[in-house]
Amino acid sequence: MSRTSRVYVQGLPQLIQLNGHNNDIVFHDDEDYLTFLNCLRRADELFDFALHAWTLLPHQMMMLLTPQTKEDLSRLVQHIGRSYVPWFNQKYHRSGSLWEGRYNSSLIEPEAYLLIAQKFVDTRLGELHAARGERLTWSSYRNNIGEQQQMITPHEQYLRLGHTPQERAIQYARFIQSPLGPSIEKRLQDCLNQNRLLGTPQYCQQLERQLHRPVQPRQAGRPRKYFHNQVTDWAWLENQAACLLSRYCYQEVRLPLLESEGNETAFTSQNQKFPLAGNHSALLRGEGTMGCLKMINQHPHLQSMSKLWYEGVMFRSSANSGEHIQQYQQIGVEAFGYAGVDIELEQLALQYDFFKSLGLQENVELKINSTGTQKELAAFRTALRAFYQPFIGVFESEWTECLAMQPERLLRSDHPLLARLRSIAPEIGDFLGEESRKRFDCLLESLTKIRVPFVVDRWLYPSNAYCHTHFEWHCEKLLEHSLLCRGGRYDECATSVLETPIQACGFALMLDPIMRLLRLTDKHLLKKQVTDVVIIPGSPAASTQALNIGRSLRKTFPQMSIANDFSHMRVTACVRNARRQGGRFIIVVSSDEAATEVAIYDRDSGEEQRVNLAKAISILSHSLNASPGCRSGTNVPYG
């Protein structure tokens, strides 16, 4: 079978990786490192490429570079094999290949991922050297923070960090201190192993149309089939969120499904009219923020330091006409009366803890940006309109509408003309005041300290009326449905709605794509059931006794979920179904009415024994800490 040809695009940087054969050591001492660097310097003289970052690990070599041609990259790797490998074999009296097969490579989308890939390379040695108390000697880290200058050619994206080498070095040193999330590390490694492109879905799709071949990494393995109860999956997912929000002291509220007309704001643009009897009309709920604002307007005491959350179905239109309405599940979280960045930091930590509790931290990525105050955002929009004005003659009608309302949306377009203009267009960072800059820097430094991975996306702009902080969680595996969570601060919008000064910050978890991601990654958590005990009558005559035992256990253990089996199938079939559903304990009530013992099966220990009811209660008491109930707290109805 022929080997798949490597993807190459003129001008795009490449990340390449060479691993030692069978993960063997390829650099034993300083002489080995220096000899390899001399080979690399010689290759720099012979072939045409720009080296942006490199690192040498004992068992691995990695470089980020932009080759002038595809042949230059191949000759570079070939030169390393013909110069360093014979020297290494002669020194250590060995023979054969030093590297593990072909080199791994990945194209990098410059605007979105160049600096992230450079950071990935420069920090590969970080943990190893930190543990030894050493400096990052065998990597380009010291070159890129301005301490050395050798072999490194800064990329255009690196040069945009500042106007002088000192400014760029300071900004890069600050950028490299934030943790690199497990999601982006996994994506980088997948792209390297599969020779794919690391880029945004829009950029990848555009390149696939040009090259007529796939460039995005594939999901490994066959799709999994699920035969268990999906209703239980949803109950489990919502319960996970409820548990976490309860631990963070957020209080659940109930919001109406229908909203009255006349309250349309930037947060209700998706609401749909719903005709009622008597020539009245209402709006289907498109989000819950407006409902929370109405509630705290009716209850002023909630405007001072209150933390609320809600869940339920929301509605949006799939067409401009509004004839086709879709519904989706959402959990919303709002906090009012908190002026500092602490509440935003807490909510971001809460979101990270939520995804971590689901085992999805390797698949999600936090993107964050600051738009400053409404005044600063308005100045930025004015500058964008002035910048695009000379080109309005070739604009499409949709672009003209965006230019009038939200010109920053043009910066997210993948159209070739707009993409080319984006590189020279004004940026929001140039319009932020000193206070807004300090506020955003403080938030980023705090995220770094609590080790919540993030990426500052300067092209990320809110679709709603957020101010200062705006963030989104994405999973690129879901392609066009990658958005999992969105939120930010909206002080000025909330003040305008309530006509009184108030601080507001919140976010929404999109449960539908989160559930799709859980099923896509085949998380075993979904197969866990919320049932702790299943009680099976040995015969129809024992049903009443089984029901009484269930009532007694529910009074004794209010934290546990206890189910009675009323299927009246054979006991063996009922036990098999209970085990398949994941019940922790299975209790079989004897068909003999005079019997005082029950058979209890413990799934975790695999033990099955016959005991009286008192002993069964003792067994369940010991397991209480292993499977406690979680749905707690007071519901505050509204509307």
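The rules behind the values
- Residues numbered from 1 in each chain as written.
- Predicted model: local features only at pLDDT ≥ 70, side-chain atom pairs only at ≥ 80, totals over all residues.
- Heavy atoms only, no water.
- Helix = DSSP H or I, 4+ residues; strand = E, 2+ residues; numbered from the N terminus.
- Buried < 20%, exposed > 50% of the residue type's maximum accessible area, 1.4 Å probe, protein only.
- Areas by Shrake-Rupley, 256 points an atom, 1.4 Å probe, with all protein chains shown as cover.
- Expected span 1.5 Å × (residues − 1).
- Arc of directions from axis to C-beta.
- Contact = heavy atoms within 4.5 Å.
- Pairing = 2+ DSSP bridges.
- Phe/Tyr/Trp six-rings, centres within 6.5 Å; stacked < 30°, edge-to-face > 60°.
- Lys NZ or Arg CZ within 6 Å of the ring centre and 35° of its normal.
- Core = buried A, V, L, I, M, F, W, Y, C linked by side-chain atoms within 4.5 Å.
- Axes fitted to C-alpha atoms, helices over the stretch in contact; angles between N-to-C directions.
- Salt bridge = Lys/Arg side-chain N within 4 Å of Asp/Glu carboxyl O.
- Polar contact = N/O pair within 3.5 Å; in protein donor to acceptor, adjacent residues only side chain to side chain.
- pLDDT = per-residue confidence, 0-100.
- Parallel < 35°, antiparallel > 145°, perpendicular 65-115°, else oblique.
- Left-handed = near helix turned anticlockwise from the far one by under 90°.
- Nonpolar A, V, L, I, M, F, W, Y, C, P; charged D, E, K, R; others polar.

A. Geometry of the overall build of the chain. Scanning the chain from N- to C-terminus turns up 21 helices and 22 strands. Sorting the 639 residues of the chain into buried and exposed places 50% on the buried side. Surface summary for the chain: the accessible area is close to 31,500 Å², and the carbon and sulfur share equals 50%.

B. Spatial organisation of helix α7 (residues 165–177). With 13 residues, α7 extends 18 Å from end C-alpha to end C-alpha; this agrees with the ideal 18 Å at 1.5 Å per step. Three or more residues of α7 are buried, namely R168, A169, Y172 and I176. Looking straight down α7, one finds that the buried residues subtend no more than 100 degrees of arc, so they occupy a single side. In α7, the exposed residues that point more than 90 degrees away from the buried face are Q166, I170 and Q177. Elements that come into contact with the buried residues of α7 comprise α3 (110–122), α5 (141–144) and α6 (156–159).

C. Geometry of the sheet that holds strand β1 (residues 14–19). The mixed open sheet is built from 5 strands, whose spatial order is β2-β3-β1-β4-β5. Whereas interior strands pair on both sides, the edge strands pair on one side only; in this sheet they are β2 (49–57) and β5 (197–198). Alignment of β1 against strand β4 (residues 104–108), held across 4 bridges, turns out to be antiparallel. What sits directly across from L15, in β4, is S106.

D. Spotlight on the packing of aromatic side chains. According to the stated counting rule, one finds 20 aromatic pairs in the structure shown. Between the aromatic rings of F355 and W473, the centroid separation amounts to 5.2 Å while the plane-to-plane angle is 45 degrees, which identifies the pairing as tilted. Here F355 is found in helix α12 (residues 342–357), whereas its partner W473 is found in strand β14 (residues 467–474), with 118 residues between them in sequence. On the basis of relative accessibility, which here comes to 0%, the residue F355 falls in the buried class. Seen in terms of ring centroids, F395 and W399 are 5.4 Å apart; in terms of plane orientation they differ by 90 degrees. Their pairing is edge-to-face. Each of the two residues, F395 as well as W399, counts as buried. Among the aromatic residues, ring-to-ring pairing joins F27, Y33, F36, Y84, W87, F88, Y92 and W138 into one connected group. Sitting over the ring of Y103, R6 keeps its end group 3.8 Å from the ring centre. A cation over a ring is seen here: R579 above Y601, with NZ or CZ 4.3 Å from the ring centre.

E. Molecular detail of the environment of L547. Tracing the sequence through the fold places L547 in helix α19 (residues 543–556). Along the chain, L547 and I536 lie 11 residues apart, while their C-alpha atoms are 9.3 Å from each other. Setting aside residues up to four positions removed in sequence, L547 forms contacts with N564 and F566.

F. Quick look at the nonpolar core. Membership of the largest hydrophobic core comes to 45 residues, with the highest contact counts inside it found for F355 and I514. For this core, the element with the highest residue contribution is α12, accounting for 8 residues. F355 has contacts with L360, Q361, V364, W473, L484, C485, L509 and I514, leaving out every residue within four places of it along the chain. Residues V26, A43, F47 and Y103 belong to the second largest nonpolar core, which totals 33 residues.

G. Quick peek at the sheet that holds strand β21 (residues 608–612). Taking strand neighbours across the sheet as the criterion, the 5 strands line up as β18-β17-β19-β20-β21 in an open arrangement whose pairing is mixed. Of all strands in the sheet, those with a lone pairing partner are β18 (562–564) and β21, marking the two edges. Across the sheet, the mean angle from the axis of one strand to that of its neighbour is 25 degrees, orientation sign disregarded. By the bridge criterion, 5 bridges tie strand β20 (residues 597–602) to β21 in an arrangement that is antiparallel. When the bridges of β21 are listed, I600 appears paired with Q609. Each of β17 (533–537), β19 (585–589), β20 and β21 touches helix α21 (residues 613–622); the most contacted strand, β21, lies at about 125 degrees to it.

H. Just the pattern of salt bridges, in detail. The final tally for this structure, using the stated rule, is 21 salt bridges. Notably, a salt bridge pairs K91 with D32, separated by 2.9 Å at the nearest N-O pair. On the criterion of sequence distance, the pair formed by K91 in helix α2 (residues 70–91) and D32 in helix α1 (residues 30–46) is long-range, its members being 59 residues apart. D32 sits in the buried class, given a relative accessible area of 0%. Its salt-bridge partner being D233, residue R519 comes within 3.7 Å of it at the nearest N-O pair.

I. Up close: the pairing of β20. The buried fraction of β20 amounts to 5 of the 6 residues, a majority that puts the element mostly inside the structure. Linking two consecutive strands that pair antiparallel, namely β20 and β21, is a turn of 5 residues; a positive phi of about 75 degrees is found at G606 within it.

J. Inspection of the side chain of Q60 at higher detail. By the element assignment, Q60 lies in strand β3 (residues 60–67). By relative accessible area, Q60 is classed as buried at 6%. Within polar-contact distance, the side chain of Q60 engages the side chain of N19 at 2.8 Å.

K. Region of the structure containing the confidence of the model for the chain. In the predicted model, the chain carries a mean pLDDT of 83, and the fraction of residues at 70 or more is 87%. Here residues 128–135 is a poorly scored stretch, pLDDT under 50, and it has 7 contacts once near neighbours within four places are set aside; other chains count. This stretch, residues 631–639, has a pLDDT under 50; its non-local contacts, to residues over four places away or in other chains, come to 23 contacts.

L. Representation of unusual backbone geometry. The phi dihedral of H212 is positive, around 60 degrees, even though this residue is not glycine. We classify H212 as exposed; its relative accessible area is 71%. For R451, which is not glycine, the phi torsion reads 60 degrees and is therefore positive. Secondary-structure assignment places R451 in the loop between α16 (434–449) and β13 (455–456). Overall, the relative accessible area of 57% leaves R451 in the exposed class.

M. Quick peek at the environment of Q157. If you trace the backbone, Q157 turns up in helix α6. With relative accessibility at 8%, the residue Q157 sits in the buried group.

N. Representation of the packing of helix α11 (residues 289–298) against helix α17 (residues 491–498) in the model. The interhelical angle for the contact between α11 and α17, taken along N-to-C directions, is 55 degrees, at an axis separation of 10 Å. With respect to α17, the element α11 is oriented oblique. When you trace α11 past α17, the crossing you get is right-handed. Between α11 and α17, the contacting residues are M290, L293, I296 and N297 on the first element and A494, V497 and L498 on the second. Residues of the contact of α11 with α17, tallied by class, amount to 6 nonpolar, 1 polar and no charged.

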